[in-house]
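Chains, contacts and geometry: an overview
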Amino acid sequence: MASARCSVRTLAGLGSAVSARRPRLLARDSRVLVARGEREVLVFGRQESALLSVEAVLQFDSAVTLLLPAAGRHQFYVLCENAGIHRVTLPPGPSPDPVLLPVPPEAAVLRDEGICCFVVVEEAVAEETLATLSLRGGSWVLSLYKRAEKLFESSVLVVPPQGDRAELGSPVMCVVHPSDGAAPGRTDPPGHLYLEPVLYRLLFGVDAALLRCPAVLCGLPDGRLLCLPLCGLRSSEQKVRPSVLHSLEQPLVLLGTSGGPQGLVAVGQQGRVLLVTTRDSDSEGKVEDFRELDVRGPVACACLDGSRLYYSTAADLVTLQLTPGQVPVSLNVSRVTALSLTWKPAEGRTCVMVGRSQPAAFLLICAVCPAGGAVVELLALSLTGQLQKVTLPQGSEARSSARLPSTLAAQRVKDLLAAIGDVWVRASSLKSSVKDRKEVLRLLNQVLNVSSLLLSPRKAGEAARPITCHGVTSWSSVLQEDALMLRCTLQNHSPHVLEPGWSLSVQVQSVSRSAAVTHSFVLQKLEPGRRTDVDVPLGTACDLTLPLQVHTSLMFSMGAVWGSSEENPQLSCVGLPLNTLAVDWLDGLRLDRPSSPAGSSDFLVQRFLRSRGVTSGERGQEPGPGSYRAALKVSRELLASRLKGPGRGGLGAAVLTWLLGQPVPARVSAHCPSGNCVQLAANEVAPSDCSQDAVMAAVELQVESSSMAAVCGLHHAILRRVQDLLSGVSVEREASAAPRAESLRRVLRRVEALGDALQQARVPVALGGGTRTSSERLLQVYQQLREEPLLVM
């Protein structure tokens, strides 16, 4: 091993030998703090003679195990054994006499008895972010705190010591950042390392490099080097665990960066040094290069100054240039327990302790060099309790800044361009994803707005819904067979556009059958104020069963939002009910054409066919003497007020026009879907129930057909529409046109008598008596109702 001469000067004495229990040395501002592994921290200040004197003694409740500087002036962090982390502020001015300052427990910023090491990740006013490493049971626990609130926690198992090692050593921690062009290998702020972006990306991932988020490095006593990028912890709640970067298989003493080869350096206790740099690969471009070398150990502690490594063994202080072909150089200084490069306030650099103590010999180092100086000065703490300054005249050569070769500069430009390309690709993908999410949110917002319009309860007097569906029936010929069609008209009076994804669902269900048929019609684009028509087949003349219930609804397919809805069919669409339509016997009638006038070609053809005994081809026959009839009387005043006047054909024609939905006379002939002929008539009559002094005019609706099913169906359809008429209109009569009270009493007595007779006819049947007498009574009630039907007023 080569040797070099250096000068050593004693600056102060501690008064006693330093114990072999984790001493710490920290140079801050113009002061030097020394922790001898006990409860006290000695604060030394500079004098005019360049010597150091004790200004204050800080006393804690337990032994001090770690010192780190804080961002505030005259402030630093202290880790106490089984007492957590404290933040202490020193008096700003020098004190002529030593002062004993007990530190109260209130100065603790984080109370955790198991903390073995920590590092300041980010620091602001009363909002420090700390990363801690604790030993709990059989695991090392890595935690992240902000203002004493735990943000993250993960654990790895402890590897027990082997061989002669009887106990676990102390871990080391630091925070690594991608370099932003500042001086390579710098350690400002304290405990923070900077790597070139390419090496940082290779070690910690593309996401961490692009986001420029820091990563926490932990060197465990078993030799494992753990890393944890902090970008995943701040962006989501996903499970993130630290990964093993490398293993030296011996306790770690130092984590740092070298300024020459721009690499990450890890030093082991037994003399193994790991240098992580980048190298060129023919197939992959830049790749990481893990290179190990061995120096004479054991290494008590070490520090880095640029590309030069300083470390202490049990008997010597050694320096090593971290470039290929270099050999360690002895500085001929022995029995040193702590080292630090001297700090000068004019340079604005902070000294940081980066070493670690060992039981045999220990050396703590804080490395800072004067800017542009040719001399490296180390602050040393010896085993005899002396603070010494070690001057190395060859420091200028060791700290000379290396220029970047042109080939490396070209490669760095290529790497930057490749990174820009990756960022552009990811930005484009992210932009497309954001655009898709905006479209999804817009569609979901439209669905919510339309749902609110259709599902909100209607208030009294409020107009119809803004989106409605109405229907009109008509007969059509489909595949040479007559079929009843329902034309549904969807009207959009809302301010929203019904875009693709919406569909109109029409469910046709027979009242007498449980089966239902559903038709779905996709809407292309229904803008506000527009309407669209769809045709729905209700059935052919052979299989049509009336009446029918038609339920219409708006359906929105979630496949238009998520792209596919096959994963969960129950949530594949959203249904919003619209209107329920009723298709009865009146809707299924086919009106006969008026008779052809005499002399016309149609009249002559029909007369010729009848003379030859051939029918004209019309289905059904005219109702004869054995046909069935039904009648219904409705107040003329009620119909006139609802139909807004009788019209040209009289009130009877207006009533049939209202029932059939097309202009017809007061008496029409039509055919049912089954082919039977039906006669419908509406005549104005005067009921006999009312007094002659106050005659109430009425309209009698008559239904006549040879089919009882047709008469019953049409009668039921007319009654349903008259009921709708009564529920929607309130008729106010004048006193002169109203029947007298006596006439109304007579009508009520007749209704009550018919009700009693009907009830008496049903009692014997319910008690199991003869049915003949009951049938005769029911027939009498039916005949009375047929001769004098009740008046709907």
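Residues numbered from 1 in each chain as written. Predicted model: local features only at pLDDT ≥ 70, side-chain atom pairs only at ≥ 80, totals over all residues. Heavy atoms only, no water.

What to know about the nonpolar core
Ranked by internal contacts, the top residues of the largest apolar core, which has 65 residues, are Leu-490, Trp-502, Leu-554, Leu-586 and Leu-680. When residues in this core are grouped by element, the largest group, seven residues, is from helix 10 (residues 708-728). Discounting residues that sit within four places of it in the chain, Leu-490 has contacts with Ile-467, Thr-468, Cys-469, Leu-504, Leu-523, Leu-526, Arg-530, Arg-531, Thr-532, Leu-554 and Leu-578. By size, the runner-up hydrophobic cluster in this structure holds 31 residues, among which are Ile-85, Ile-115, Leu-133 and Val-240. (Core = buried A, V, L, I, M, F, W, Y, C linked by side-chain atoms within 4.5 Å. Buried < 20%, exposed > 50% of the residue type's maximum accessible area, 1.4 Å probe, protein only. Helix = DSSP H or I, 4+ residues; strand = E, 2+ residues; numbered from the N terminus. Contact = heavy atoms within 4.5 Å.)

Notes on the environment of Leu-220
With respect to the helices and strands, Leu-220 occurs in the loop between strand 18 (215-219) and strand 19 (224-229). Along the primary structure Leu-220 and Ser-247 are separated by 27 residues, whereas in three dimensions their C-alpha atoms are 9.2 Å apart. Not counting residues within four places of it along the chain, the set of residues in contact with Leu-220 comprises Leu-133, Trp-140, Val-156, Leu-226, Pro-251 and Leu-252.

Description of the pattern of salt bridges
Throughout the structure, instances matching the rule amount to 23 salt bridges. Salt bridges sharing partners connect three or more residues here, namely Asp-584, Asp-587, Arg-720, Arg-721 and Asp-724. (Salt bridge = Lys/Arg side-chain N within 4 Å of Asp/Glu carboxyl O.)

Observations concerning a nonpolar patch on the surface
On the surface, a nonpolar cluster with roughly 320 Å² of combined accessible area is contributed by Val-206, Leu-210, Leu-211 and Val-423. Here the nonpolar patch takes three residues from helix 2 (residues 206-211), the largest share from any one element. Residue position: Leu-211 is located in helix 2. (Patch = residues over 30% accessible without salt bridge, like charges linked within 9 Å, V, L, I, M, F, W, Y side chains within 5 Å. Areas by Shrake-Rupley, 256 points an atom, 1.4 Å probe, with all protein chains shown as cover.)

Things to note about helix 1 (residues 197-204)
Buried within helix 1 we find Val-198, Leu-199, Tyr-200, Leu-203 and Phe-204. At the exit of helix 1 stands Gly-205, carrying a positive phi of roughly 105 degrees.

Here's the deal with the side chain of Ser-307
With respect to the helices and strands, Ser-307 occurs in the loop between strand 25 (301-305) and strand 26 (308-312). Classification of Ser-307 by relative accessible area gives buried; the value is 9%. Here Gln-321 takes part through its side chain, which lies 2.6 Å from a polar atom of the side chain of Ser-307. (Polar contact = N/O pair within 3.5 Å; in protein donor to acceptor, adjacent residues only side chain to side chain.)

Focus on the sheet that holds strand 11 (residues 108-110)
Taken together, four strands build an open sheet; the order of strands is 7-8-9-11 and the sheet is antiparallel. Both outer strands of the open sheet, strand 7 (64-69) and strand 11, are each paired with one neighbouring strand and no more. With strand direction ignored, the average angle separating the axes of adjacent strands in the sheet is 30 degrees. (Pairing = 2+ DSSP bridges. Axes fitted to C-alpha atoms, helices over the stretch in contact; angles between N-to-C directions.)

Things to note about the pairing of strand 35 (residues 502-510)
On any regular strand, side chains alternate: one points to one face of the sheet, the next to the other face. Counting buried positions along strand 35 yields seven of nine residues, so the element is predominantly enclosed. Bridge count between strand 35 and strand 38 (residues 548-557): nine bridges; the pairing is antiparallel. Along strand 38, the bridge assignment pairs Ser-503 with Met-555. As judged from the seven bridges shared by strand 35 and strand 36 (residues 516-522), these two strands associate in the antiparallel manner. Looking at the pairing, Gln-507 lines up with Thr-518 of strand 36. Two successive antiparallel strands, strand 35 and strand 36, enclose a turn made up of five residues.

Concerning the side chain of Ser-494
Positionally, Ser-494 belongs in the loop between strand 34 (481-492) and strand 35. On the accessibility criterion, Ser-494 (2% relative accessible area) is buried. At a separation of 2.6 Å, a polar atom in the side chain of Ser-494 contacts the side chain of Asn-492. With sequence-adjacent residues up to four places away left out, Ser-494 is seen in contact with Leu-453, Pro-466, Ile-467 and Pro-528.

Remarks on the packing of aromatic side chains
Tallying each qualifying case throughout the model produces three aromatic pairs. With centroids separated by 6.2 Å and ring planes inclined at 75 degrees, the aromatic side chains of Tyr-77 and Phe-118 adopt a geometry described as edge-to-face. One end of the pair, Tyr-77, is in strand 8 (residues 75-80); the other, Phe-118, is in strand 12 (residues 115-122), and 41 residues separate them in sequence. Residue placement shows Arg-590 over the ring face of Trp-475; its charged tip is 4.4 Å from the ring centre. (Phe/Tyr/Trp six-rings, centres within 6.5 Å; stacked < 30°, edge-to-face > 60°. Lys NZ or Arg CZ within 6 Å of the ring centre and 35° of its normal.)

Re the sheet that holds strand 20 (residues 243-247)
Note on sheets: strands pair through backbone hydrogen bonds, and any given pair is parallel or antiparallel. One open sheet holds the five strands; their spatial order is 17-16-18-19-20, and the pairing between them is mixed. Either end of the sheet is taken by a strand with one partner, and the two such strands are strand 17 (192-195) and strand 20. Adjacent strand axes in the sheet meet at a mean angle of 30 degrees when their direction is disregarded. Pairing analysis gives five bridges linking strand 16 (residues 172-178) to strand 18, with the strands arranged antiparallel. Along strand 18, the bridge assignment pairs Val-172 with Gly-219. Set on the sheet, helix 1 makes contact with strand 16, strand 17, strand 18, strand 19 and strand 20; between it and strand 17 the angle comes to about 105 degrees.

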